[in-house]
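# Chains, contacts and geometry: an overview
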Amino acid sequence: MAAHSDQSNSEQSNWLFYIGSYSAADQPGIHLASLNQETGEMKLLGSTDGVENPSFLAVHPVGHRLYAVTETDEGQLVGYDILEDGSLKEHKRLLTGGEHPCHVAFAPESYLVTVNYTGAQVSSYKLDGEGRLEEVLSRVQHTGSGPNKERQEKAHTHSAIPDKQGKFVYVSDLGKDQVVVYGLDQGKLAHHGAVMLPAGSGPRHFIIDPSQKYAYGIDELSNTFTVYSYTAEEGGLVPVQQVSTLPASIDPANCTAADLHLSACGGYLYGSNRGASDTLVRFVVNRENGQLSDPEWFDCGGKVPRNFAVVDNRLLLCANQDSDNIVSFFIDPESGELKETGYSLKVGKPVCIAAWHIPESLD
């Protein structure tokens, strides 16, 4: 494995971020970049090879560890130590137990969870006291299907989102139109319940509002946001609203929704639309009931916007898979509206952005 950093610490800005991509194992796949918070300028600092299709990344909440899943027929979870200059050193690999893992998340600091899209398995893993990968703790298999014969011929687990306490995990299953809730006891998964969405929704990603009163999902096949009332103690979800992520003028048959993130203040919800739209959408969040209104759409600055990141409530970074670029946007603090900074970073097939604040030693 090769890992290098091309830029001195003195040239780095006060934020770093990592980029996951689709790439061959002998090509750079995980990239390190800097972000200037004042201007939105991005610079590529270095890259790591040795993994095929590292399509989703997660940085440990207290830093210095990064995890990647390889979206391959024999999926792997790869753990890295983050070195002082931000470069990566692999410390362990484990199989994810199935085909094409597409998501990894922390629960909250002592465990990891992954999902395999094609294989439809959900797995949990133990971390040691320093955040390094130790072993698989549990694995569950999803079954089922939905009405879309091409995309929902079987279960397809797309993301696993633990709650703040590490008590529950919420798995979006695109194939069977469910968000499945698991209890997490000493890191082991146990079925707790499930929420059924309208047929053909295809739930993809999920987030919990910081208020712990609401949760939001983005549904790939129906191009919708689903708003849920949320009860943290019981792990309860009740759908209360479903709204389109697309402008009325766009044919939803030619689009698929991808990612969603809240602003740090919780007042705005953003989503990415791939295909005929190729836009980012912003909704205003009603802080009394969590529901969404007043959508506004913004050109993503490329083609097929996949994953994106909201950085410090000031900037949004959008990974455009098919135009091989990441575009930065300013976030208007009064309206949540997006405005291109004028900066774009060239990266081959970027599909994940994991922001990491530089520790004091690198400032």
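The paragraphs below set out a description of the structure included in this document. In every chain, residue numbers begin from 1 and rise along the written sequence. The predicted nature of this model means local features are confined to residues of pLDDT at least 70 and side-chain atom pairs, given and counted, to a pLDDT of 80 or more, with totals for whole chains, interfaces and linings taken over all residues. Each side-chain value is derived from all of the structure's non-hydrogen atoms; neither hydrogens nor water enter the calculation.

## Section: the overall build of the protein
What the protein contains, in helices and strands, is 0 helices and 29 strands. A globule of 363 residues ought to have a C-alpha radius of gyration of about 21 Å, and the protein, at 19 Å, matches this closely. Relative accessible area decides the class of each residue, using a 1.4 Å probe on protein chains only: under 20% of the type maximum gives buried, over 50% gives exposed, and in between gives partly exposed. For the protein, buried positions account for 59% of its 363 residues. Should any heavy atoms of two residues lie within 4.5 Å, those residues are considered in contact. Across the protein, contacts joining residues at least 24 apart in sequence account for 48% of those joining residues at least 6 apart. Only the protein chains shown count as cover for residues, and the accessible areas themselves come from Shrake-Rupley with a 1.4 Å probe. As displayed, the protein has an accessible area near 14,000 Å², and 47% of this comes from carbon and sulfur atoms. Numbering goes from the N terminus for both helices and strands, where a helix is a DSSP run of H or I of at least four residues and a strand is a run of E of at least two. Every radius of gyration here is taken over C-alpha atoms, with the globule rule written as 2.2 Å times N^0.38, N being the number of residues.

## Examining the packing of aromatic side chains
Note on aromatic contacts: the rings of Phe and Tyr and the six-membered ring of Trp form a pair at centre separations within 6.5 Å, being stacked when their planes are under 30 degrees apart, edge-to-face when over 60 apart, and tilted otherwise. For the coordinates displayed, the defined rule picks out 5 aromatic pairs. Both rings, one in Tyr170 and one in Phe206, keep their centres 5.2 Å apart while their planes meet at 20°; by these two values the pair is stacked. Placement of the pair is Tyr170 in strand S14 (residues 168–173) and Phe206 in strand S17 (residues 203–208), with a sequence separation of 36 residues. Accessibility expressed as a relative area gives 2% for Phe206, which makes it buried. One aromatic cluster is present, formed by Tyr170, Phe206, Tyr228 and Tyr230 through successive ring pairs.

## Describing the nonpolar core
Proteins that are soluble and globular tend to have nonpolar side chains buried together. Working definition of a nonpolar core: buried Ala, Val, Leu, Ile, Met, Phe, Trp, Tyr and Cys residues. They are joined through side-chain atoms within 4.5 Å. Counting residues in each nonpolar core, the largest one holds 29 residues, and the members touching the most others are Tyr18, Ile30, Leu66 and Leu112. Once you skip the residues sitting within four places of it in the chain, Leu66 turns out to touch Tyr18, Ile30, Leu57, Ala58, Val59, Val78, Gly79, Tyr80, Ile82 and Leu88. Listed in part, the 18 residues of the second largest apolar core include Ala107, Val113, Tyr117 and Ala160.

## Comments concerning the sheet that holds strand S28 (residues 338–346)
The pairing criterion for strands is at least two bridges between them, as found by DSSP. Pairing within the open sheet is antiparallel, and its 4 strands lie in the order S25-S26-S27-S28. Only two strands of the sheet have a single partner each, and these edge strands are strand S25 (305–311) and S28. Taking each pair of neighbouring strands and ignoring which way they run, the sheet shows an average axis angle of 20°. Of the strand pairs in this sheet, strand S26 (residues 315–320) and strand S27 (residues 325–331) are connected by 6 bridges, and their pairing is antiparallel. Directly across from Leu315, in S27, lies its bridge partner Phe330. The axes used here are C-alpha line fits, helices contributing only the stretch in contact, and every angle between their N-to-C directions lies in the interval 0 to 180 degrees.

## Describing the sheet that holds strand S5 (residues 54–59)
On the basis of which strands lie adjacent, the open sheet formed by 4 strands has the order S5-S6-S7-S8 and antiparallel pairing. Only two strands of the sheet have a single partner each, and these edge strands are S5 and strand S8 (88–95). With strand direction ignored, the average angle separating the axes of adjacent strands in the sheet is 25°. Pairing geometry for strand S6 (residues 65–70) and strand S7 (residues 76–82), over 6 bridges, is antiparallel. When the bridges of S7 are listed, Arg65 appears paired with Asp81.

## Some thoughts on unusual backbone geometry
Generally, phi is negative for residues other than glycine and the peptide bonds are trans, each holding for most cases. With a phi close to 60°, Asp177 is a non-glycine residue in the positive phi region. Within the fold, Asp177 resides in the loop between S14 and strand S15 (178–185). Its identity as a non-glycine residue notwithstanding, Asp278 has a phi of 45°, on the positive side. Tracing the sequence through the fold places Asp278 in the loop between strand S22 (268–275) and strand S23 (279–285).

## Brief notes about the side chain of Arg306
Following the sequence through the fold, Arg306 ends up in strand S25. An unpaired buried charge is present at Arg306: no salt bridge exists, and Glu71, the closest side chain of opposite charge, is 4.1 Å distant. A polar atom in the side chain of Arg306 sits 2.9 Å from the side chain of Gln321. Sequence-distant contacts of Arg306, defined by excluding residues within four places in its chain, comprise Tyr22, Glu71, Arg204, Ala258, Asp259, Ser272, Arg274, Ala319, Gln321 and Val351. For the charge count, each Lys or Arg is scored as positive and each Asp or Glu as negative, with His and the chain ends excluded. Take a side-chain nitrogen of Lys or Arg and a carboxyl oxygen of Asp or Glu: if they are within 4 Å of each other, that pair is a salt bridge. Here a polar contact means two N or O atoms within 3.5 Å. Within protein one must be a hydrogen donor candidate and the other an acceptor candidate, and residues neighboring in sequence count only if both atoms are side-chain atoms.

## As for the side chain of Asp173
For Asp173, the location among the structural elements is in strand S14. Although Asp173 is buried, it forms no salt bridge, and the closest oppositely charged side chain is Lys176 at an N-O distance of 4.6 Å. When residues no more than four places from it in sequence are discounted, the contact partners of Asp173 are His142, Ala155, His156, Thr157, Gln178 and Pro203.

## A word on the state of the cysteines
To count as a disulfide, a pair of cysteine sulfur atoms needs to be within 2.5 Å. Summed over all chains, the structure comprises 0 disulfides. Cysteine Cys300 is unpaired, with the sulfur of Cys318 as its nearest cysteine sulfur at 5.2 Å.

## A few points about the environment of Ile19
In this fold, Ile19 is placed in strand S2 (residues 15–21). Accessibility expressed as a relative area gives 0% for Ile19, which makes it buried. The sequence separation of Ile19 and Lys349 amounts to 330 residues, and the corresponding C-alpha distance is 9.8 Å. Dropping the residues within four chain positions of it, Ile19 is found in contact with Gly29, Ile30, His31, Ala33, Leu57, Ile326, Leu345, Val347, Pro350 and Cys352.

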